[in-house]
Amino acid sequence: LCLQVPELEKATVRIRQPERVREIIQSLREQGVAKLQVISDFDMTLSRFGCNGRRCPTSHNILDNSRVISEDGKKKLKDLLHYYYPIEIDPNRTLEEKCPLMVEWWTKAHELLVQQKIHKSDIAQIVRESEAMLRYGHRDFFDQLHKNNIPLFIFSAGVGDILEEIIRQANVFYSNVNVVSNYMDFNDDGVLTHFKGPLIHIYNKNNTVLQGTGYFEQLSTRTSIILLGDSMGDLTMADGVPRVENILKIGFLNDKVEERRGKYLDSYDIVLESDETLDVVNGILRYILTE
């Protein structure tokens, strides 16, 4: 397989079942472009986890740390993060335990943001001033998909308005990109009044929040999937797809690599450890799309 996708030789790549991965990639190639779609998380999957030893911001962080949030607001948001984030990544807690706590976290955070009276007109500038970065190779990734008319579905528990702006400012917000996320609702004066429902948090990214959107129904012939995520919650993102014939799950293991490696290797076909690029994804796409 490394002959066809040399990027899989990278030191960041771990694969528990190479033979199985080879078969999936082969099937994706045989099924062809017309059957392929990509389903991806955004924060820390398409966007970078770190740069020069510093953490890069998520779409929530960008807002939380921006000049439009009061000092008191920033402190409260940080307190929420310090309380709930360890719960989110705790390998010893069950999904059933985590879910209600994630809803609690997102709801409190959204309420705090609403209190800040954020203006819609500030969003582009907030993103411009932030340290948000898409992964190395993002242009190649978005361009390949667009050029081949492959739908890219971004499923994010982040803030839709912010992540769309990041993609827009990178000049890769093409017509084949579709986003489902938490969007802000502004009044006639352009002031944030609430977040539109349903609430999407890290552990409910599945068919339950997609009901009524019909997105995957329109793509019912797209039975080959490449799924990109960085958390256990991302594994269910393809649950809304009517008929999945082939699915390749690629996981970015960004944080606490040693302690989480086993779980990721059990769940994802390919695990990329502390890899800030989309090289492997781009290599696989190139191989699949080459005549």
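See above for the structure.
No experiment lies behind these values; they were computed from the predicted model shown.

**Some words on the overall build of the protein chain**
Scanning the protein chain for helices and strands turns up 10 helices and 11 strands. Relative to the 2.2 N^0.38 estimate, which gives 19 Å for 291 residues, the radius of gyration of the protein chain is 19 Å and therefore close to what a compact globule would have. Summarising its shape, the C-alpha atoms of the protein chain cover approximately 55 × 40 × 35 Å along the three principal directions. Residues classed as buried in the protein chain amount to 55% of the 291 residues present. Across the protein chain, contacts joining residues at least 24 apart in sequence account for 72% of those joining residues at least 6 apart. When the accessible area of the protein chain is evaluated, it comes to approximately 13,300 Å², of which 48% is carbon and sulfur surface. Measuring between centres, the 35 positive side-chain charges of the protein chain sit 1 Å from its 43 negative side-chain charges.

**Thoughts on the environment of D64**
If you trace the backbone, D64 turns up in helix α2 (residues 59–64). Residues D64 and T94, 30 residues apart in the sequence, show an inter-C-alpha distance of 28 Å.

**Things to note about the pattern of salt bridges**
Think of it this way: side chains of opposite charge can pair up when their charged atoms draw near. Applying the stated rule across the entire model yields 24 salt bridges. A salt bridge links E19 to R22, with the shortest nitrogen-to-oxygen separation between them at 2.9 Å. Taken together, the positions of E19 and R22, both in helix α1 (residues 18–31) and 3 residues apart, correspond to about one turn of that helix. On the accessibility criterion, E19 (45% relative accessible area) is partly exposed. R48 is the salt-bridge partner of E276, the closest N and O atoms lying 3.8 Å from each other. Linking E276 in the loop between β11 (270–273) and α10 (279–289) with R48 in the loop between β2 (36–40) and β3 (50–51), this pair joins segments that are 228 residues apart in sequence. The exposure classification of E276 matches that of R48, with both residues buried. What you see here is one network of salt bridges that share partners, running through R14, E258, R261 and E273.

Rules of the game
Residues numbered from 1 in each chain as written. Predicted model: local features only at pLDDT ≥ 70, side-chain atom pairs only at ≥ 80, totals over all residues. Heavy atoms only, no water. Helix = DSSP H or I, 4+ residues; strand = E, 2+ residues; numbered from the N terminus. Rg over C-alpha atoms; globule rule 2.2 N^0.38 Å. Buried < 20%, exposed > 50% of the residue type's maximum accessible area, 1.4 Å probe, protein only. Contact = heavy atoms within 4.5 Å. Areas by Shrake-Rupley, 256 points an atom, 1.4 Å probe, with all protein chains shown as cover. Lys, Arg positive; Asp, Glu negative; His and termini not counted. Charge placed at Lys NZ, Arg CZ, Asp CG, Glu CD. Salt bridge = Lys/Arg side-chain N within 4 Å of Asp/Glu carboxyl O.

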